[in-house]
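Structure assessment
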Amino acid sequence: MYELKNHGTPEEPDRESGGKTDSVGENPAVDPSAENLDTQSKTVRVKPSEEKRIDRAAVFREKMKAAKKRRRRNIVLDILLVVFLATFVISGIYLLRYYLASRQNKELMGNLKEMIDTDVAPSPDTENKEGKDPNSQDPGHTPSSAQVPVYVTEDGETILRMYRPLYQKNKEFMGWLTIPDTNVDVPVMYTPNDEQKYLRKNFEGEYAIAGTPFIAEGCDPKKPSKNIIIYGHNMKDGSMFSDLLNYKDEEYYRFHKYIQFDTIYARGNYEVIAAFPGQVLNQGEEGFRYYYFYDTDNAEEFDTYVREVKSRCPYEIQTTAEFGDQLLTLSTCEDYGAAEGKRFVVVAKRIR
């Protein structure tokens, strides 16, 4: 290569130096300004004091970020803790109230049971000299005092004397239902103008979550109608109609075939003929509406109802009913699906 001098003519390199020079400024392959810029761009020298300040700022920022995360996490945990404690307290209050209500209900049932005047209670299978059940009632018939101890109320109603104390305490009392060796041992109410009055009321008319079993408005317990339908709650403490669901098991049925239901007018024993899951249907929905069968003078309608209930029973029961028999239908909610209208039903026929 040749280096251009000021006069613009080429000059031959120094032979002794082999074309090399000690002066950078005299070497055209090296640009001092470019080398300095490249070095500055690659390495920025920072004083130790400045490095420490930068490190502290970075650490501080990281600490602030971590602190914010901890605060957010703590707020979430505090909210969850408050919700948990509130749920725990509310659940505890609910369980306590449920327990107290359950205990009060059992005490009330016991007190009402003691009010039955058993000293004058006739046996449901007692027969008179003519061989007829003194408690059986044809329409319009009232048992005479010679047959059964009775009491004439202020309203002129002739009722069994054994139930006089309960009737005087509450004139909407209509009878007593018992399934031996179960928790079903309860009074039964009847308010045809307000069917569900006792849905959440106890015998004394006070609010009670367990309510009191009641007869469907379409039934007539005095006549009586061909079918008496009684509704009762399925309570978690096992009270009211909870034991009805045990009839899903055939073995349970075998040991609990018989039901006693006394109205204030007559005593009665019944034998189970069917137990099945039922459904409260919406308007226009197809299905079996067991809860609409109260009374009939038509043998075909009666037989159809009996066939329907027996066909839905999960096991075979030999005992059946014929036109002329009086039926008793007990209905309660299923453990799950009560809101969807799921029910469990036990049907029995009167045997004496």
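Residues numbered from 1 in each chain as written. Predicted model: local features only at pLDDT ≥ 70, side-chain atom pairs only at ≥ 80, totals over all residues. Heavy atoms only, no water.

A few points about the pattern of salt bridges
Side chains that differ in sign of charge can pair as their charged atoms come close. Per the counting criterion, the structure on display carries 10 salt bridges. Notably, a salt bridge pairs arginine 267 with aspartate 262, separated by 2.9 Å at the nearest N-O pair. Accessibility expressed as a relative area gives 10% for arginine 267, which makes it buried. One salt-bridge network, in which partners are shared between bridges, spans Glu250, Glu251 and Arg254. (Salt bridge = Lys/Arg side-chain N within 4 Å of Asp/Glu carboxyl O. Buried < 20%, exposed > 50% of the residue type's maximum accessible area, 1.4 Å probe, protein only.)

Let's talk about the pairing of strand E5 (residues 173–178)
In terms of burial, E5 is a largely internal element, six of the six residues being buried. Linking E5 back to strand E6 (residues 185–189) in an antiparallel pair, the connection comprises six residues, with aspartate 181 at a positive phi of about 65°. Direction of pairing for E5 relative to strand E9 (residues 258–263): antiparallel, over a ladder of four bridges. Across the sheet, leucine 177 pairs through a bridge with phenylalanine 261, a residue of E9. (Helix = DSSP H or I, 4+ residues; strand = E, 2+ residues; numbered from the N terminus. Pairing = 2+ DSSP bridges.)

Section: the environment of glutamine 318
Note on placement: glutamine 318 falls in the loop between helix H5 (299–311) and strand E11 (327–333). Since its relative accessible area comes to 65%, glutamine 318 is described here as exposed. Note: C-alpha distance between glutamine 318 and isoleucine 273 (45 residues apart in sequence) is 7.6 Å.

Some details on H5
Over its 13 residues, H5 runs 18 Å from end to end, which matches the ideal 18 Å to within 8%, given 1.5 Å per residue. Among the residues making up H5, those that are buried are Phe302, Tyr305, Val306 and Val309. All buried residues of H5 fall inside an arc of 95° around its axis, so they share one side. Of the exposed residues in H5, those oriented more than 90 degrees away from the buried face are Glu300, Arg307 and Ser311. Along its buried surface, H5 packs onto strand E8 (227–231), strand E10 (269–279), E11 and strand E12 (342–350). (Expected span 1.5 Å × (residues − 1). Arc of directions from axis to C-beta. Contact = heavy atoms within 4.5 Å.)

So, the packing of aromatic side chains
Under the defined criterion, the tally for this structure stands at 13 aromatic pairs. Each ring, one from phenylalanine 276 and one from tyrosine 290, has its centre 6.1 Å from the other, and the planes form 90°; the classification is edge-to-face. On the criterion of sequence distance, the pair formed by phenylalanine 276 in strand E10 and tyrosine 290 in the loop between E10 and H5 is long-range, its members being 14 residues apart. Classification of phenylalanine 276 by relative accessible area gives buried; the value is 0%. Of the aromatic side chains, those joined through ring pairs into one cluster are Phe276, Phe288, Tyr290, Tyr291, Tyr292, Phe293, Phe302, Tyr305 and Phe323. (Phe/Tyr/Trp six-rings, centres within 6.5 Å; stacked < 30°, edge-to-face > 60°.)

Observations concerning the nonpolar core
Formed by 73 residues in total, the largest nonpolar core has its most connected members in Leu177, Tyr247 and Ile259. Element by element, the count of residues in this core is highest for E10, at six residues. In this structure, tyrosine 247 is in contact with Ile179, Tyr252, Tyr253, His256, Val272, Ala275, Tyr315, Phe344 and Val346, ignoring residues within four places of it in sequence. (Core = buried A, V, L, I, M, F, W, Y, C linked by side-chain atoms within 4.5 Å.)

Observations regarding the confidence of the model for the chain
Detailed reading of the predicted coordinates is not advisable wherever pLDDT is low. Considering every residue of the chain, the mean pLDDT works out to 81; 76% of them sit at 70 or more. This model gives residues 1–26 a pLDDT under 50, and the stretch forms 16 contacts once residues within four places in sequence are excluded. Contacts for the low-pLDDT stretch residues 126–146, under 50 throughout, to residues beyond four places or in other chains number 37 contacts. (pLDDT = per-residue confidence, 0-100.)

Things to note about the side chain of aspartate 243
Within the secondary structure layout, aspartate 243 lies in the loop between E8 and helix H4 (250–255). It turns out aspartate 243 is buried and unbridged, and the closest side chain with the opposite charge, lysine 106, is 10 Å from it. (Lys, Arg positive; Asp, Glu negative; His and termini not counted.)

Structural notes on a nonpolar patch on the surface
A surface patch of nonpolar side chains, about 620 Å² in accessible area, is lined by Leu81, Phe84, Leu85, Phe88, Val89 and Ile93. Within the element layout of this structure, phenylalanine 84 appears in helix H2 (residues 48–115). (Patch = residues over 30% accessible without salt bridge, like charges linked within 9 Å, V, L, I, M, F, W, Y side chains within 5 Å. Areas by Shrake-Rupley, 256 points an atom, 1.4 Å probe, with all protein chains shown as cover.)

Quick look at unusual backbone geometry
Between lysine 223 and the following residue, proline 224, the backbone shows a cis peptide bond with an omega angle of -10°. Within the element layout of this structure, proline 224 appears in the loop between strand E7 (214–215) and E8. The phi dihedral of aspartate 181 falls on the positive side, at around 65°, and the residue is not glycine. Locating aspartate 181 in the fold gives a position in the loop between E5 and E6. The backbone of methionine 240 shows a phi angle near 55°, a positive value even though the residue is not glycine. The residue methionine 240 is located in the loop between E8 and H4 in this model. Exposure remark for methionine 240: the relative accessible area of 2% places this residue in the buried category.

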